[in-house]
Amino acid sequence: MSLQADPSPRPTYQTEALTKTYGEGEAAVHALRGVDLVVPGGELIVLLGASGSGKSTLLNILGGLDRASTGRARFRDADLTDMTDSELTRYRRDHVGFVFQFYNLMPSLTAEENVELVTEIARNPMDPAEALHLVGLGERRHHFPAQMSGGEQQRVAIARAVAKQPDVLFCDEPTGALDSTTGRAVLRVLNDVNRTLGTTVLMVTHAAATAAMAHRVIHFADGAIRSVERNDTRLSPEEIAW
Ligand SMILES: Nc1ncnc2c1ncn2[C@@H]1O[C@H](COP(=O)(O)OP(=O)(O)OP(=O)(O)O)[C@@H](O)[C@H]1O
Ligand SMILES: [Mg+2]
């Protein structure tokens, strides 16, 4: 299995007829009903779709948090659907970062110490102070989560995810708990990470206007992709009408 740095423009992810069924028999929930998707490396991609349409399920499978029922999902040359548990753990550790709606920071640790939790086990980490500087919180690094606003806490969570220098950043409703001004600051940070570090960003959101800042927008419906569109011109987070 080869999981080396990737200078070529090959897709980062490619799925074929990916399905996910939770439960069995009458209680079965078909969360994904056959997803065929190509994710080019280096893009910022927004996933939209109704509640229950399978967005988080897809993110969790691509991020190695969950397994598909049938079909294939590849990351570069590696087949995620074939990996053992320990290979999936290594894949998550070395290649992907996660940002969720709720920040999941340790309340008893400072911003910098929260980031250190990840950099201590990462292969090629950034300096935690640098990661916090990147999200505009260099001055706040010795503050505890309770001393920060929701948007600031989310930026700490982004710094934590980015500090291990992942190839891909998965964001599941990263602005879901934030007002529009604070949410915009979070989007600006995600945009900067994509642009300056070249990190592929896959972001699920219910804020449909956010799609205007993406390179590519994926519309989900009933466990499948309904359409994919590319934005010829992209708006900056500041220009998005929330
Ligand atoms: N662990 C689970 N066990 C059983 N069913 C699940 C599980 N996780 C998700 N589902 C079901 O799979 C379907 C897709 O869920 P998913 O979380 O992917 O939707 P979503 O598009 O992310 O929705 P939302 O916008 O509300 O977050 C839903 O019907 C959901 O109830
Ligand atoms: Mg979801």
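Now for a look at the structure at hand.

Thresholds, definitions, all that
- Residues numbered from 1 in each chain as written.
- Chains lettered and ligands numbered in written order.
- Predicted model: local features only at pLDDT ≥ 70, side-chain atom pairs only at ≥ 80, totals over all residues.
- Heavy atoms only, no water.
- Near = heavy atom within 4 Å.
- Areas by Shrake-Rupley, 256 points an atom, 1.4 Å probe, with all protein chains shown as cover.
- Helix = DSSP H or I, 4+ residues; strand = E, 2+ residues; numbered from the N terminus.
- Nonpolar A, V, L, I, M, F, W, Y, C, P; charged D, E, K, R; others polar.
- Pairing = 2+ DSSP bridges.
- Core = buried A, V, L, I, M, F, W, Y, C linked by side-chain atoms within 4.5 Å.
- Buried < 20%, exposed > 50% of the residue type's maximum accessible area, 1.4 Å probe, protein only.
- Contact = heavy atoms within 4.5 Å.
- Salt bridge = Lys/Arg side-chain N within 4 Å of Asp/Glu carboxyl O.

## Re the site of ligand 1
Taken together, 13 residues sit near ligand 1, with Ser-51, Gly-52, Lys-55, Thr-57 and His-206 positioned nearest. Relative to its unbound accessible surface of 640 Å², ligand 1 loses 60% to contact with the protein. Going through the elements one at a time, strand E2 (29-40) and helix H1 (55-62) are the ones with two or more residues in the shell around ligand 1. Per-element tally for the shell around ligand 1: the top contributor is H1, with three residues. Split into classes, the residues belonging to the shell around ligand 1 amount to four nonpolar, seven polar and two charged.

## Some thoughts on the sheet that holds strand E4 (residues 70-75)
Judged by pairing direction, the sheet is antiparallel, and its four strands sit side by side in the order E2-E1-E4-E5 without closing on themselves. A strand with exactly one partner marks an edge of an open sheet, and here the two such strands are E2 and strand E5 (78-79). Strand direction decides the pairing type here: strand E1 (residues 11-22) and E2, joined by nine bridges, are antiparallel. In the strand pairing of E2, Thr-15 is matched with Leu-37.

## Here's the deal with the nonpolar core
Judged by nonpolar contacts, the single largest core of 36 residues is most densely connected at Leu-132, Ile-158, Leu-169 and Leu-190. Counting residues per element, this core draws most heavily on helix H5 (residues 150-162), which supplies six residues. In this structure Leu-169 touches Gly-97, Phe-98, Val-99, Ala-161, Val-162, Leu-190, Val-193, Thr-199, Thr-200, Val-201 and Leu-202, once residues within four positions along its chain are discounted. Core analysis: the second largest hydrophobic core is formed by 27 residues, Leu-47, Leu-59, Ile-61 and Ile-218 among them.

## Focus: the pattern of salt bridges
Taken as a whole, this structure holds 13 salt bridges when the rule is applied. For Asp-94, the salt bridge is made with Arg-93, and the minimal N-O distance between the two is 3.3 Å. Since its relative accessible area comes to 37%, Arg-93 is described here as partly exposed. Between Arg-141 and Glu-112 there is a salt bridge, and its shortest N-O distance comes to 3.1 Å. Within this pair, whereas Arg-141 is found in the loop between helix H4 (128-134) and H5, its partner Glu-112 is found in helix H3 (residues 111-119), the two being separated by 29 residues in sequence. You can call Glu-112 buried: its relative accessible area is 15%. Salt bridges sharing common partners tie together Arg-72, Arg-74, Asp-79 and Asp-82.

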